[in-house]
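Summary of the model geometry
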Amino acid sequence: MTVPSKPEYVGVIRLTVSGIANRMGFNVEEIEDIKVAVAEGCTNAIEHGLDDKFYINFNINNDSLDVVIKDKGKGCNIEEIKEPDLLNPKEGGLGLFIIKSLMDDVEFISKEGNGFQIKMIKYLGADI
């Protein structure tokens, strides 16, 4: 899906992924985790993308839901992304940490000048 880079569309994406996850058989708690992680990924794309749209893809597998969010922002060096200091929290900067905490597998792909991609996977019936 191609989505306008506007915050009001994050709710639409949350509803979409909720419906998909429900149909796949995820429980309520897992669906809430997926919705939060996807919303964080969308917010990241809106804030850091340089285009008026971003891209989201839902891959429905037998045992997992894969969500890929891409933007056409300036990108970054993945190795420079640091874990947040949870003892001295600051506003912002927790989105990627939240995604990694809520999803089973997460991959960040980026090159400076080439945008940012988040691939997140939630396994059905898995306690990973």
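This write-up is about the structure you can find in this document. (Residues numbered from 1 in each chain as written. Predicted model: local features only at pLDDT ≥ 70, side-chain atom pairs only at ≥ 80, totals over all residues. Heavy atoms only, no water.)

1. Some words on the packing of helix α1 (residues 10–24) against helix α2 (residues 28–48)
- Packing of α1 against α2 brings their axes to within 9 Å, and their N-to-C directions diverge by 145°. Considering only the axes of α1 and α2, their crossing is right-handed. Across from Val10, Ile13, Arg14, Val17, Ser18, Ala21 and Asn22 in α1, the residues of α2 making contact are Ile31, Glu32, Ile34, Lys35, Val36, Val38, Ala39, Cys42, Thr43 and Ile46. (Axes fitted to C-alpha atoms, helices over the stretch in contact; angles between N-to-C directions. Helix = DSSP H or I, 4+ residues; strand = E, 2+ residues; numbered from the N terminus. Left-handed = near helix turned anticlockwise from the far one by under 90°. Contact = heavy atoms within 4.5 Å.)

2. Some thoughts on helix α3 (residues 95–102)
- Along α3, the positions that sit buried rather than exposed are Gly95, Leu96, Ile99 and Leu102. Seen along its axis, α3 keeps its buried residues to an arc of 135°; they face one direction.
- Here the buried face of α3 lies against α2, β4 (105–110) and β5 (116–123). (Buried < 20%, exposed > 50% of the residue type's maximum accessible area, 1.4 Å probe, protein only. Arc of directions from axis to C-beta.)

3. Side note on the environment of Gln117
- Among the secondary structure elements, Gln117 is positioned in strand β5.
- For the pair formed by Gln117 and Glu107, sequence separation is ten residues and the distance between their alpha carbons is 8.1 Å.
- Setting aside residues no more than four positions away along its own chain, Gln117 makes contact with Val68, Ile69, Lys70, Glu107, Phe108 and Ile109.

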